[in-house]
Amino acid sequence: DVKVTQSSRYLVKRTGEKVFLECVQDMDHENMFWYRQDPGLGLRLIYFSYDVKMKEKGDIPEGYSVSREKKERFSLILESASTNQTSMYLCASSYYLGNQPQHFGDGTRLSIL
Amino acid sequence: SQQGEEDPQALSIQEGENATMNCSYKTSINNLQWYRQNSGRGLVHLILIRSNEREKHSGRLRVTLDTSKKSSSLLITASRAADTASYFCATELSGDNSGGSNYKLTFGKGTLLTVNP
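Presented here is an overview of the structure given in this document. (Residues numbered from 1 in each chain as written. Chains lettered and ligands numbered in written order. Predicted model: local features only at pLDDT ≥ 70, side-chain atom pairs only at ≥ 80, totals over all residues. Heavy atoms only, no water.)

## What to know about the interface of chain B and chain A
Phase 1 of the analysis: Of the residues lining the interface, 25 residues belong to chain B; the matching set on chain A comes to 23 residues.
Phase 2 of the analysis: Contact between chain B and chain A buries roughly 1900 Å² in total, counting both sides, with carbon and sulfur atoms accounting for 50%.
Phase 3 of the analysis: Here chain B is connected to chain A by two salt bridges.
Phase 4 of the analysis: Between aspartate 106 of chain A and arginine 41 of chain B there is a salt bridge, with the nearest N and O atoms lying 2.8 Å from each other.
Phase 5 of the analysis: Scanning the region where chain B abuts chain A turns up ten residue pairs in polar contact (both at pLDDT 80 or more).
Phase 6 of the analysis: Where the side of chain B that touches chain A is concerned, the elements lending two or more residues are strand E4 (29-37), strand E5 (43-50), strand E9 (85-93) and strand E10 (105-107) of chain B.
Phase 7 of the analysis: With five residues, E4 of chain B is the single largest residue contributor to the side of chain B that touches chain A.
Phase 8 of the analysis: Here the side of chain B that touches chain A is built from residues that sort into seven nonpolar, 13 polar and five charged. (Contact = heavy atoms within 4.5 Å. Buried area = accessible area lost by both parts, 1.4 Å probe. Salt bridge = Lys/Arg side-chain N within 4 Å of Asp/Glu carboxyl O. Polar contact = N/O pair within 3.5 Å; in protein donor to acceptor, adjacent residues only side chain to side chain. Helix = DSSP H or I, 4+ residues; strand = E, 2+ residues; numbered from the N terminus. Nonpolar A, V, L, I, M, F, W, Y, C, P; charged D, E, K, R; others polar.)

Here you go:
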């Protein structure tokens, strides 16, 4: 079974801090994704990566950046955390793009105080 | 409004009953996928149905797709308390997805299913 592991289940940070969320997958998947999930808004794509060092902006990339130095690891970076970035963050991976399911981690619930 | 929208937003049934959730979308798709999310957890993939398929089954799950009406339904038969979760449809837009910039999977806001013992 595919395992997608997010480094923290819960995280509390302060406004203005630089925040790193880490995600690791163990199935040699080409593609990795970062979403945020908010009540009433559903899942929204922040960024995805279709190869090492390759990335594409999603629907809401502002205030975020990503890093994919190795195939198995995809990091989401909040450059200067703000309270409106308090959310549930979900990482996912897939083998191909197109006609493939995505496999999700358990999420990181991030609170920015 | 979103590409994929589930209906109803919430559904409460008794154990043993069937649960039906619907998803409507607006543009042509390559496939439609259904996911389940237990409270506080990540999403789990249930079924992927391609645009040239009309029906798929997996255990107690049955998914239909009507591309002429741009709609899909997820039926859970003989529901159990453990089926209590949010269910999301996700649509993958048509086109060549071999290039990263052309790929898009859009999730709806979900249906919250409660199965009462």
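## A few points about the packing of aromatic side chains
Phase 1 of the analysis: Evaluated as defined, the whole model comprises twelve aromatic pairs over all chains.
Phase 2 of the analysis: Here tyrosine 95 of chain A and tyrosine 96 of chain A contribute two aromatic rings whose centre-to-centre distance is 4.7 Å and whose plane-to-plane angle is 70 degrees, an arrangement assigned as edge-to-face.
Phase 3 of the analysis: Judged by its relative accessible area of 34%, tyrosine 95 of chain A falls in the partly exposed class.
Phase 4 of the analysis: Look at phenylalanine 104 of chain A and tyrosine 35 of chain B: their rings are 5.8 Å apart centre to centre, the planes differ by 85 degrees, and that puts the pair in the edge-to-face class. Pair noted here: phenylalanine 104 of chain A is in strand E10 (residues 103-104) and tyrosine 35 of chain B is in strand E4, and the two residues belong to different chains.
Phase 5 of the analysis: Among the residues examined, tyrosine 35 of chain B registers a relative accessible area of 0% and is labelled buried.
Phase 6 of the analysis: An aromatic cluster of at least three residues, connected via ring pairs, comprises Phe33, Tyr35, Phe48, Tyr50 and Phe104 of chain A together with Tyr35, Tyr103 and Phe107 of chain B. (Phe/Tyr/Trp six-rings, centres within 6.5 Å; stacked < 30°, edge-to-face > 60°. Buried < 20%, exposed > 50% of the residue type's maximum accessible area, 1.4 Å probe, protein only.)

## Considering the side chain of serine 79 of chain B
Residue and element names in this part refer to chain B.
Phase 1 of the analysis: Mapped onto the elements of the fold, serine 79 is located in the loop between strand E8 (71-76) and E9.
Phase 2 of the analysis: In this structure the side chain of serine 79 is engaged in a polar contact, spanning 3.4 Å, whose partner is the backbone oxygen of glutamine 14.
Phase 3 of the analysis: Polar contacts involving the side chain of serine 79 include one to the main-chain carbonyl oxygen of glutamate 17, which spans 2.8 Å.
Phase 4 of the analysis: Apart from the residues lying within four places of it in its own chain, the contact partners of serine 79 are Ile13, Gln14, Glu15, Gly16, Glu17, Arg60 and Val115.

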